[in-house]
Amino acid sequence: MIQGFINQARALGASDLHLAGGCYPMARIKGELCLLNGKPLQNLYMNSCEEGLIAEEQSEYGIALSSINMEEIVKQTASQAQLHSLQNCGEIDFSLDDKSKGRCRVNIYKQNSDYALAVRLINEKIPSCQELGIPIAVQNLLKNKQGLILITGSTGAGKSTTMAALIQKLNDEQCLHIVTLEDPIEYRFQQNFCKKV
């Protein structure tokens, strides 16, 4: 069910997908929130059987054009262990594999006694420093043997993508053992092998 929304958001070039009970589905495109096709999502208290999870009509992305129950989306997106954690903690973060196009970082939380999802769409290909326009002076910081590089910014500003591009540059140009600490994991890096001795 959520895959249709993800497909639609990716087709529009969105960075994020936002779903919440009682609200229209939205995508963040070039920093702006835009409404997606469809009707407002049902909130937790609506009866999904009466309102109908079976669509009379479907959009080109496989999304039911009748209202969709948020609780059903959550149940189909998260595992049983994640649902248990959601009930105990009130929110969960995890990654979701979109096998054909990349990965997604999913945050499910309670909003006004209902469920909401924020989905960050992560491309399969890690962009290069050149593609992102990272200045040479910043790239040269990677040559230092010691120190700490902080990358800061607001939500959606490109912090994770910038870090991924810099890590990929290290991975391509130096023989290093690189460890990333992420929860959940966003970009996946291929191991590059060093020259034989």
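Enquirer: Which parts of the structure should I look at to understand the packing of aromatic side chains?
Expert: The geometry of an aromatic ring pair comes down to the distance between the two centres and the angle between the two planes. In this structure the tally under the stated criterion is zero aromatic pairs. In this arrangement the basic side chain of Lys110 is found over the ring face of Tyr115, its NZ or CZ atom lying 4.6 Å from the centre.

Enquirer: Can you help me understand unusual backbone geometry in this one?
Expert: Peptide bonds are mostly trans, and most non-glycine residues show a negative phi. In this structure, Lys30 is a non-glycine residue whose phi angle is positive, near 50 degrees. Tracing the backbone through its elements, the reader meets Lys30 in the loop between β2 (26-29) and β3 (32-35). Taking the relative accessible area as the measure of exposure, Lys30 reaches 82% and is therefore exposed.

Enquirer: Sorry, what's going on with the sheet that holds strand β4 (residues 91-98) here?
Expert: Pairing between sheet strands relies on hydrogen bonds along the backbone, with the strands arranged either parallel or antiparallel. Spatially, β3-β2-β1-β6-β5-β4 is the arrangement adopted by the six strands of the open sheet, whose pairing is antiparallel. Looking at which strands have only one partner, the edges of the open sheet turn out to be β3 and β4. Between one strand axis and the next, the sheet turns by 25 degrees as a mean value, whatever way the strands run. Here three bridges tie strand β1 (residues 16-20) to β2, and the two strands are oriented antiparallel to one another. Looking at β2, one finds that Asp16 is bridged to Arg28.

Enquirer: Just to check I follow, could you spell out the pairing of strand β5 (residues 102-111) for this structure?
Expert: Remark: a regular strand shows side chains that alternate across the two faces of the sheet. When β4 meets β5, the two strands line up antiparallel, connected through eight bridges. Residue Ile92 lies in a different strand from β5, and its bridge partner there is Ile108. Across ten bridges, the pairing between β5 and strand β6 (residues 114-123) is antiparallel. Looking at β6, one finds that Asn107 is bridged to Ala118. What sits between β5 and β6 in their antiparallel hairpin is a turn of two residues, with Asn112 showing a positive phi close to 55 degrees.

Enquirer: Would you explain the pattern of salt bridges in this entry?
Expert: Opposite charge on two side chains lets them pair, provided their charged atoms get close. Here the structure, examined in full by the defined rule, presents five salt bridges. Lys75 is the salt-bridge partner of Glu71, the closest N and O atoms lying 3.8 Å from each other. Of the two residues, Glu71 and Lys75 are both situated in helix α3 (residues 70-77); the distance of four residues between them amounts to about one turn of the helix. What makes Glu71 partly exposed here is its relative accessible area of 27%. Relative accessible area serves as the criterion here: at 46%, Lys75 is assigned to the partly exposed category. Put simply, Glu131 and Lys125 hold a salt bridge, and the shortest N to O gap is 3.0 Å.

About the thresholds
- Residues numbered from 1 in each chain as written.
- Predicted model: local features only at pLDDT ≥ 70, side-chain atom pairs only at ≥ 80, totals over all residues.
- Heavy atoms only, no water.
- Phe/Tyr/Trp six-rings, centres within 6.5 Å; stacked < 30°, edge-to-face > 60°.
- Lys NZ or Arg CZ within 6 Å of the ring centre and 35° of its normal.
- Helix = DSSP H or I, 4+ residues; strand = E, 2+ residues; numbered from the N terminus.
- Buried < 20%, exposed > 50% of the residue type's maximum accessible area, 1.4 Å probe, protein only.
- Pairing = 2+ DSSP bridges.
- Axes fitted to C-alpha atoms, helices over the stretch in contact; angles between N-to-C directions.
- Salt bridge = Lys/Arg side-chain N within 4 Å of Asp/Glu carboxyl O.

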